[in-house]
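Understanding the architecture of this molecule
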Amino acid sequence: MEVEVKLRLPEADTYKRLTKLLSPFHIKTLNQENNFFDTASGALASQRAVLRLRFLDNDSRCIISLKAKPVLIDGVSRVEEDEEEIEASVGRSCVVEPLRLNTIESRILRRCKEEFGILEGDGFVGLGGFENLREVFDWKGLKLEVDETKYVFGTCYEVECESEDPEGVKKVLEGFLNEYGIQYSYSEMSKFAVFRSGKLP
């Protein structure tokens, strides 16, 4: 179970102010390209599951993930998540030809078949995706991820922090943001949900 605090930032200027404040604690920058898949009949969506291929930093890595049963309440996200790394070239071939997902060796794709009832004859289709620029900071022992997510219909900004104590993290993080006048709100939709809605929240 992945548990994260998710706080939405209202605009680019707020995002820039926050990343500047956090700059002394910067660890790395990640360029992420996210692509999503389902069957033509929506077998995964009907069971509240999402299959994603994520490419990192010009195809240096490719992560396939399966997320299920998401819940997002008061800025705290809980979701069942399973991840596995595959060859980036294999991932790219699946983006071009989603049916190839049925043919590659993958624990996660076996789970799609065994747990979610996806048959080889069902076939996968590409749903599209979005790009995400992630700035990662080590701040007060917390790993903060500040995201600039670019959809075809606009850009969103968000702060995420994975923790087993989300309420404690939220209190510390909100105190910091309020101290410096950084506007924020609790995220009400996942990035994937925003993508599928076709409009900014």
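Higher on the page you've got the structure.
Predicted model, so just to flag it, every value in this text is computed and none were measured. (Residues numbered from 1 in each chain as written. Predicted model: local features only at pLDDT ≥ 70, side-chain atom pairs only at ≥ 80, totals over all residues. Heavy atoms only, no water.)

Relative to the assigned elements, T39 resides in strand 2 (residues 26-39). For T39, a relative accessible area of 3% corresponds to the buried category. Looking at T39, its side chain comes within polar contact range of the main-chain nitrogen of A43, at 2.9 Å. With near-sequence residues (within four places) excluded, T39 lies in contact with I118, D122, G123, F124 and V125. (Helix = DSSP H or I, 4+ residues; strand = E, 2+ residues; numbered from the N terminus. Buried < 20%, exposed > 50% of the residue type's maximum accessible area, 1.4 Å probe, protein only. Polar contact = N/O pair within 3.5 Å; in protein donor to acceptor, adjacent residues only side chain to side chain. Contact = heavy atoms within 4.5 Å.)

Here we come to empty space enclosed by the protein. Going through the model one piece at a time under the given rule, you end up with 1 cavity of 30 Å³ or more. Roughly 30 Å³ of internal volume is contained in the largest cavity. R8, T149, Y151, C156, E158, K191 and V194 are the residues that line the largest cavity. Put simply, the parts of the chain that give the lining of the largest cavity at least two residues each are strand 7 (142-151), strand 8 (154-162) and helix 5 (191-197). Taken together, the residues of the lining of the largest cavity sort by class into 3 nonpolar, 1 polar and 3 charged. (1 Å grid on protein atoms, 1.4 Å probe; cavity = no way out; pocket = protein on both sides within 12 Å on 5 of 7 lines; lining within 4 Å. Points joined across faces, edges and corners; volume = space filled by probe spheres on them. Nonpolar A, V, L, I, M, F, W, Y, C, P; charged D, E, K, R; others polar.)

Turning our eyes to something else, we now look at helix 1 (residues 12-22). Inspection of helix 1 places T14, Y15, L18, T19 and L22 among the buried residues, and these make up the whole buried set. Looking straight down helix 1, one finds its buried side chains confined to an arc of 125 degrees; they lie on one side. Opposite the buried face of helix 1, by more than 90 degrees, sit the exposed residues D13, K16 and K20. On its buried side, helix 1 packs onto strand 1 (2-9), strand 2, strand 6 (124-139), strand 7, strand 8 and helix 4 (166-179). (Arc of directions from axis to C-beta.)

What follows is about the pattern of salt bridges. This model, assessed by the stated rule, comprises 22 salt bridges. For K67, the salt bridge identified is with E81, shortest N-O distance 3.7 Å. One end of the pair, K67, is in strand 4 (residues 61-73); the other, E81, is in strand 5 (residues 76-86), and 14 residues separate them in sequence. On the basis of relative accessible area, E81 is assigned to the partly exposed category, the value being 26%. We note a salt bridge from R111 to E115, for which the minimum N-O separation is 2.8 Å. One end of the pair, R111, and the other, E115, are both in helix 3 (residues 107-116), 4 residues apart, so they sit about a helical turn from each other. Judged by relative accessible area, which is 47%, E115 ranks as partly exposed. The structure contains a network of salt bridges with shared partners spanning E4, K6, R8, R134, K143, E145, D147, E158, E160 and K191. (Salt bridge = Lys/Arg side-chain N within 4 Å of Asp/Glu carboxyl O.)

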